[in-house]
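The primary structure of each chain is shown beneath.
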Amino acid sequence: MIALITGATSGIGRSCAKLFAKNNYNLIITGRRLERLNELKLELENTFNIKVTVLNFDIRNQAEVESALNLLSREERKIEVLINNAGLAAGLNNFQNGELSHWEQMIDTNVKGLIYVSKIVSNWMIEYNNGQIINVGSIAGKEVYANGNVYCATKHAVDALTKAMRIDLLPHAIRVGAVHPGMVETEFSLVRFEGDTERAKKVYEGLTPLNPDDVAETIFWMTSRPKHVNINDVIIMPSAQATSTVSIRK
Ligand code: NDP
Ligand code: 8X3
């Protein structure tokens with residue numbers, strides 16, 4: 001069994017890599033930080049008796065995505081599970097003051113990157129008449145919150161794409177679903193606030209956020225259902241968070 005996980009250098013993607021490795025999947029892991037990918041490969045291959053293939057690319061660059069995926073052997077292309085996880089939020093500004101470069105980065109990563117990878121991998125899945133795709137959306141793909149504008153739009157697009165892919169891939173027995181988390185403590189806020197650790201810490205102050213393993217376990221559960229069962233959609237929130245903007249803090 002092979003799982004391809006995008007954005008495995010950190011957070012939810014890294015947790016998925018560990019959990020799927022523990023469950024005997026061979027892995028294809030991707031990201032821009034090559035050193036982290038190689039460290040993870042070494043750790044997982046030494047701990048579990050599995051094979052890990054590292055693909056180092058910027059998901060925003062279609063040519064890079066294509067040539068990296070084309071490096072995979074015929075055997076490695078038999079991907080059973082694709083986890084479209086790579087993504088980010090950049091900034092938290094109202095629309096009128098938003099930065100175009102942030103918006104482009106989010107659209108190019110969260111939407112276009114997901115499309116580039118999925119187009120290639122879904123065609124391999126069609127060839128083998130087998131496969132499951134899990135998209136990592138967000139509660140921001142279900143609700144819009146103040147200053148979330150373009151990040152929310154990209155995650156609404158992930159929600160729409162999940163539904164569209166499920167319809168189009170139905171004749172090929174490819175299952176498609178999404179997981180939409182609320183607050184998860186990863187490098188997400190550090191990235192969003194461009195390395196401002198104090199501001200990032202404040203996001204999770206006074207409540208217990210999800211941890212990346214909580215989300216990985218949900219994704220693994222979705223992929224370990226029997227073949228006749230597809231989990232279309234899961235929203236997973238910290239117990240202390242009711243909506244994007246309503247949470248209870250001590
Ligand atoms: P992290 O910042 O910890 O991880 C993000 C991952 O995405 C990294 O592995 C990063 O790899 C990869 N990535 C980002 N940009 C690119 C790029 N241009 N090319 C290739 N890979 C890229 O955040 P999370 O684990 O929290 O985020 C994972 C997903 O979960 C995202 O889609 C995010 O939107 C979503 N999410 C997160 C929530 C949260 O509160 N944390 C809540 C809801 C959804 P590298 O930098 O090495 O390229
Ligand atoms: C990340 C969760 O609420 O910060 O997708 O948008 S939120």
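For the structure, check the block above.
A brief report on the enclosed structure follows. Remember, it's a predicted structure, so these values are computed and weren't measured experimentally.

This next bit is on the sheet that holds strand β4 (residues 81-84). If you walk across this open sheet you meet the 7 strands as β3-β2-β1-β4-β5-β6-β7, and the pairing is parallel. Strands at the two margins of the open sheet, each flanked by one partner only, are β3 (52-56) and β7 (233-236). Neighbour-to-neighbour, the strand axes of this sheet turn through a mean angle of 15°, independent of strand direction. Pairing of strand β1 (residues 2-5) with strand β2 (residues 26-31) involves 4 bridges; the strand directions are parallel. By the bridge assignment, A3 is partnered in β2 with L27. Packing of helix α4 (residues 100-128) onto the sheet brings it into contact with β1, β4 and β5 (132-136), and relative to β4 it is tilted by some 175°.

Okay, helix α1 (residues 11-22) next. For α1, built from 12 residues, the straight-helix expectation of 16 Å at 1.5 Å per residue is met to within 8% by its first-to-last C-alpha distance of 17 Å. The buried fraction of α1 amounts to 9 of the 12 residues, a majority that puts the element mostly inside the structure. Of the positions making up α1, those classed as buried are G11, I12, G13, S15, C16, A17, L19, F20 and A21. Where α1 is buried, its residues touch β1, β2, α2 (34-47), β4 and α8 (212-223). Positive backbone phi, approximately 70°, marks N24, located one or two places after α1.

About the cut-offs
- Residues numbered from 1 in each chain as written.
- Chains lettered and ligands numbered in written order.
- Predicted model: local features only at pLDDT ≥ 70, side-chain atom pairs only at ≥ 80, totals over all residues.
- Heavy atoms only, no water.
- Pairing = 2+ DSSP bridges.
- Helix = DSSP H or I, 4+ residues; strand = E, 2+ residues; numbered from the N terminus.
- Axes fitted to C-alpha atoms, helices over the stretch in contact; angles between N-to-C directions.
- Contact = heavy atoms within 4.5 Å.
- Expected span 1.5 Å × (residues − 1).
- Buried < 20%, exposed > 50% of the residue type's maximum accessible area, 1.4 Å probe, protein only.

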